[in-house]
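# Commentary on secondary and tertiary structure
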Amino acid sequence: MTQALLNPKRIHQRLLCTEKGYESLAEAWAEALSENIALPEVTYVEKEDLERLLPRDAVHQDVLLDCQPLADLFLGDVLEGVADNAVVLVLDQVTDPHNVGAILRSAAAFGAVAVVMQKLHAPETTGTLAKSASGAVEHIPLVREVNLSRALEQLKEAGFFCIGLDEEGKQPLAKLNLTGKTALVLGAEGSGLRRLVAENCDELVKLPTQGAIGSLNVSNAAAVALYELVRAR
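Along each chain, residue indices are assigned from 1 in the same order as the chain's sequence is written. Side-chain atom pairs in this predicted model are given and counted only at pLDDT of 80 or more, local residue features only at pLDDT of at least 70, and totals for whole chains, interfaces and linings cover all residues. For the side-chain quantities, the full set of heavy atoms in the structure was used; hydrogens and water were omitted.

## Observations concerning the packing of helix H5 (residues 97-109) against helix H9 (residues 218-231)
When two helices pack together, their arrangement is captured by the angle between the axes and the distance separating the axes. Note the threshold: Lines fitted to C-alpha atoms define the axes, with helix axes restricted to the stretch in contact, and inter-axis angles between N-to-C directions lie between 0 and 180 degrees. Helix numbers and strand numbers start at the N terminus; a helix is a DSSP run of H or I with at least 4 residues, a strand a run of E with at least 2. Any angle between 65 and 115 degrees counts as roughly perpendicular, while under 35 counts as roughly parallel, over 145 as roughly antiparallel, and the rest as oblique. Two helices crossing with the near one rotated counterclockwise from the far one by less than a right angle form a left-handed crossing, whereas a clockwise rotation gives a right-handed crossing. Contacts: residue pairs with any heavy atoms within 4.5 Å of one another. For this classification, Asp, Glu, Lys and Arg are treated as charged, while Ala, Val, Leu, Ile, Met, Phe, Trp, Tyr, Cys and Pro are nonpolar and the rest, including Gly, are polar.
One can describe the packing of H5 onto H9 by two numbers: an axis separation of 8 Å at closest approach and a directional angle of 10°. Classified by the angle their axes make, H5 and H9 are roughly parallel. Where H5 crosses over H9, the handedness of that crossing is right-handed. Residues Asn99, Ala102, Ile103, Ser106 and Ala107 of H5 lie in contact with H9, whose contacting residues are Val218, Ser219, Ala222, Ala223 and Leu226. Looking at the contact of H5 with H9 residue by residue, the class counts come to 7 nonpolar, 3 polar and no charged.

This is how it looks when you write it as structure tokens:
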């Protein structure tokens, strides 16, 4: 919430909150004003009013900030001028907003430059996704592409080495030379990478899991792989 409030690219339409809720935002509100970010008027309401406006069981902390969506981004614009060791994540039909949010958070923490998803078979940028991302939605470009195979081709043309995570990968991720521009490609839990997406990867690798549980949740796998990429540089 506070990261959205402090994002100058956001158009804030209204803020509904209880008095207690506003207290939790007061510091960020003052900072936004000092940065000349346009803010809406504060409308004080009762907690019950917020609960009627939000989905059932939504965690709102007594605040509802209504913003316009961020402008759509194109992959070419994001890739222009990136560093020689830039990392991009590509998500193939990862549909759970909690997972996508957690991946965005890890991407922000480990310095990735963008997360690429499909326009279809991918979650919208809802409050659930944004909350799971803990503010990363405001910092990591989220690019939606119609065709992921074409997006991988575009990444290769920009000098990225495309690595697909797959349980059937021939070698562990850590065995690769992980310097240079890298695109990390992750598939949905269960089905994994689709055939054409996997074929468009330069290399399929695995994480060295062992024991009774042979795979990780996709957001956990993304965090482990991102750590390995950063550690190797």
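## Describing the nonpolar core
Which entries qualify depends on this criterion: By nonpolar core we mean a set of buried residues, namely Ala, Val, Leu, Ile, Met, Phe, Trp, Tyr and Cys, connected to one another through side-chain atoms within 4.5 Å. Buried residues are those whose accessible area, probed at 1.4 Å on protein chains only, stays under 20% of the maximum for their type, while exposed residues exceed 50% and partly exposed ones sit between those limits.
Ranked by internal contacts, the top residues of the largest apolar core, which has 33 residues, are Leu89, Leu91, Leu104, Val115, Leu165 and Leu186. The set of elements that each furnish at least two residues to this core consists of strand S4 (87-92), H5, strand S5 (114-118), helix H6 (127-133), strand S7 (161-165), strand S9 (182-187) and H9. Once you skip the residues sitting within four places of it in the chain, Leu89 turns out to touch Ile103, Ala107, Ala112, Ala114, Val115, Val116, Leu184, Leu186, Ala222 and Leu226. Counting 22 residues, the second largest nonpolar core, distinct from the first, contains Ala86, Val116, Leu155 and Val197.

## A word on a negative patch on the surface
To be explicit about the condition: Patch membership is restricted to residues that have no salt bridge and whose relative accessible area is over 30%. Joining uses 9 Å for like charges and 5 Å for the nonpolar side chains Val, Leu, Ile, Met, Phe, Trp and Tyr. For every accessible area listed, the method is Shrake-Rupley and the probe measures 1.4 Å; residues are considered covered only by the protein chains on display. Salt-bridge detection follows one rule: a side-chain nitrogen of Lys or Arg within 4 Å of a carboxyl oxygen of Asp or Glu. Only four residue types enter the tally: Lys and Arg on the positive side, Asp and Glu on the negative side, with His and both chain ends excluded. Charge coordinates come from a single atom per side chain, which is NZ of Lys, CZ of Arg, CG of Asp or CD of Glu.
A cluster of acidic side chains, namely Glu19, Glu23, Glu46, Glu48 and Glu51, defines a negative patch on the protein surface. At the level of secondary structure, the elements contributing two or more residues to the negative patch comprise helix H2 (19-34) and helix H3 (47-53). Mapping Glu48 onto the fold places it in helix H3. The exposure class assigned to Glu48 is partly exposed, which follows from its relative accessible area of 46%.

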